[in-house]
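Close look at the chain arrangement
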Amino acid sequence: MRYFLKYTPYIFRKSRVIQLTFFVTRRCNSRCSFCFYLSQQPEVQERELTLDEIERFSSSMGELLWLLFSGGEVFLRDDIVEIARIFYRNNRPSILTLPTNALLPEVVYERTEEILKSCPESVVVVKLSLDGIGKEHDAIRGVKGNFEKVMETYSRLKELLKYPNFELGVNTVFCSANQDRVMDVLRFVEREMPEIRTHTVSLIRGNPRDTGLKQVDLEKYRETISFLERKLDSRRGSYSFAGSRLKTAQDILQRRLIYETARQNRRLIPCFAGRLNLVVTENGDVYPCEILSEKLGNLREHGYDMNRILESERAKRVIADIAAGRCHCTHECYFVTNILFNLRMYPKLLWEYLKLFGGKKGNGSHE
């Protein structure tokens, strides 16, 4: 619980950002049909933030509960280890997440190990993307042989579980192309990838190049999240880091809320985008959320001072619009803070916690 307890004051006062998503690059060696980020970015690639620029803007921020690197493929940045070191030195993230398409097994392995060594007090989470089995995964990702690379990367990363701060997981994007077979993917991971502790399923979001992929059957998504709940009931799929039981209970609420948000097509709980959560793109643009198109400002234009951007009239207006409920989405990462830092969610959170863990011991997770 120690990772979360130091941030409990932000349950009552949303006074600064504690969760940052940093799109370190828009370069990618996959061509995923559901990708919303590359589809909405300009064709001309702008200059990525340098290590010096990252040093300057991270120094303007406080400690972080959760730092999520995104892209593009994060391991295509040759300096990803140095980037992690900068944030570790300046912001001490409790959790550092690196998603990967796993097309570079040896690179992912070597750089993950360097990050683990460089950030010993952070939980380092690597999420392998797996959206199908065999050729189906390759077709969705647009790269022949991608599935084999995922399995090779998994085999390499298993060796790093000797590090106590390492968490290895899988993420599957739920879209119309694979919705009939996501359950097969879940069972495959459980059977063939036994070292995977967490398997998340992300409902497709944003504006992908192939808009037809958003035509999902929400009842199939509901069946999928029910299956995940049954796995948790049998004590499989729990996280290994401190506070894992609370996070497991939060996951249950999160998936149900995402289902209802999509079904009702409206926001059901307050969103703390721009207050607790921020997004920074590879060229320094700052957004409250990766889905919204109106940026708060650019770091290069504000002396790399995040506070200057957040204190601007433009930022205040955009954040006020979000707080007023003028948008809604199903972004899993933001639902984490929207639940954990919403006091009104605690009765439901406690109920799910007690249903799972009340009076039972020995499930292998840590408090």
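Keep in mind that this is a model prediction, so the values were computed, not measured.

On the secondary structure map, Phe188 appears in helix H9 (residues 182-192). Classification of Phe188 by relative accessible area gives buried; the value is 10%. The spacing of Phe188 and Ala102 is 86 residues in sequence and 17 Å in space, taken between C-alpha atoms. Ignoring sequence-local partners within four residues, the contact set of Phe188 consists of Leu130, Ile133, Phe147, Met151 and Met193.

What follows is about the packing of helix H11 (residues 244-264) against helix H15 (residues 346-357). Axis separation between H11 and H15 bottoms out at 9 Å; the angle between their running directions is 120°. In terms of their interaxial angle, H11 and H15 are classed as oblique. As H11 runs across H15, the sense of the crossing is right-handed. The segment H11 lies against H15, with Arg245, Leu246, Thr248, Ala249, Gln250, Ile252, Leu253 and Arg256 engaging Lys348, Leu349, Glu352, Tyr353, Lys355, Leu356 and Phe357. Grouping the amino acids of the contact of H11 with H15 by side-chain chemistry returns eight nonpolar, two polar and five charged.

Before going further, it helps to spend a moment on the packing of helix H4 (residues 51-59) against helix H5 (residues 80-91). Orientation of H4 relative to H5, taken along the N-to-C sense of each, is 20°, at an axis distance of 9 Å. The pairing of H4 with H5 is recorded here as roughly parallel in orientation. Pair H4 / H5 crosses with right-handed handedness. Note on element contacts: H5 touches H4 through Glu82, Ile83, Ile86, Phe87, Arg89, Asn90 and Asn91, opposite Leu51, Ile54, Glu55, Phe57, Ser58 and Ser59. Looking at the contact of H4 with H5 residue by residue, the classes come out as six nonpolar, four polar and three charged.

This paragraph deals with the sheet that holds strand S4 (residues 123-129). Taking strand neighbours across the sheet as the criterion, the nine strands line up as S6-S5-S4-S3-S2-S1-S7-S8-S9 in an open arrangement whose pairing is mixed. The outermost strands of the open sheet, each flanked by one partner alone, are strand S6 (198-203) and strand S9 (297-298). One ladder, built from three bridges, connects strand S2 (residues 66-70) with strand S3 (residues 95-100); its direction is parallel. Bridged to Leu68 within S3 is Thr97. Here H5 sits on the sheet in contact with strand S1 (19-23), S2 and S3, set at roughly 160° to S2.

Once that is clear, we can look at the confidence of the model for the protein chain. Per-chain confidence: the protein chain averages 91 in pLDDT, with 91% of residues scoring 70 or above. Considering only residues more than four positions removed or in separate chains, one finds that residues 233-237, a stretch of pLDDT under 50, has ten contacts. Predicted confidence is poor over residues 361-367, with pLDDT under 50, and the contacts of this stretch with residues over four places away or in other chains come to 20 contacts.

Take the packing of aromatic side chains next. Inspection of every chain in the model, using the stated rule, returns eight aromatic pairs. When the ring of Phe147 is compared with that of Phe188, the centres are 5.7 Å apart and the planes differ by 55°; the resulting orientation is tilted. With a gap of 41 residues between them, Phe147 in helix H8 (residues 146-157) and Phe188 in helix H9 connect regions that are remote in the sequence. For the pair formed by Phe147 and Phe188, the shared burial category is buried. Residue placement shows Arg92 over the ring face of Tyr88; its charged tip is 4.3 Å from the ring centre.

Thresholds applied
Think of each chain on its own: its residues are numbered from 1, step by step along the sequence as written. A pLDDT threshold of at least 70 governs which residues receive local features in this predicted model, and a stricter bar of 80 or more applies before side-chain atom pairs are shown or counted, although totals over entire chains, interfaces and linings include all residues. No hydrogens and no water enter the side-chain calculation; it runs on all heavy atoms of the structure. The helix count covers DSSP runs of H or I at least four residues long, the strand count covers runs of E at least two residues long, and both are numbered beginning at the N terminus. Between buried and exposed lies partly exposed: a residue is buried under 20% and exposed over 50% of the maximum accessible area for its type, with that area taken using a 1.4 Å probe on protein chains only. Here, two residues are considered to be in contact whenever any of their heavy atoms come within 4.5 Å of each other. Axis lines are fitted through C-alpha atoms, for helices just across the contact stretch, and the angle between N-to-C directions can take any value from 0 to 180 degrees. The cut-offs work like this: below 35 degrees is roughly parallel, past 145 is roughly antiparallel, 65 to 115 is roughly perpendicular, and the gaps in between are oblique. Rotating anticlockwise by less than a right angle from the far helix to the near helix defines a left-handed crossing, while the corresponding clockwise rotation defines a right-handed one. Lys, Arg, Asp and Glu make up the charged group, whereas Ala, Val, Leu, Ile, Met, Phe, Trp, Tyr, Cys and Pro make up the nonpolar group; the residues left over, Gly among them, are polar. Here, strands pair whenever DSSP counts at least two bridges between them. pLDDT is a per-residue confidence score from the predictor, ranging from 0 to 100. To pair, rings of Phe, Tyr and Trp, with the six-membered ring standing in for Trp, must have centres within 6.5 Å; the planes then decide the type, stacked if under 30 degrees apart, edge-to-face if over 60, and tilted in the middle. Here, a charge over a ring means that NZ of Lys or CZ of Arg falls within 6 Å of the ring centre while also lying within 35 degrees of the ring normal.

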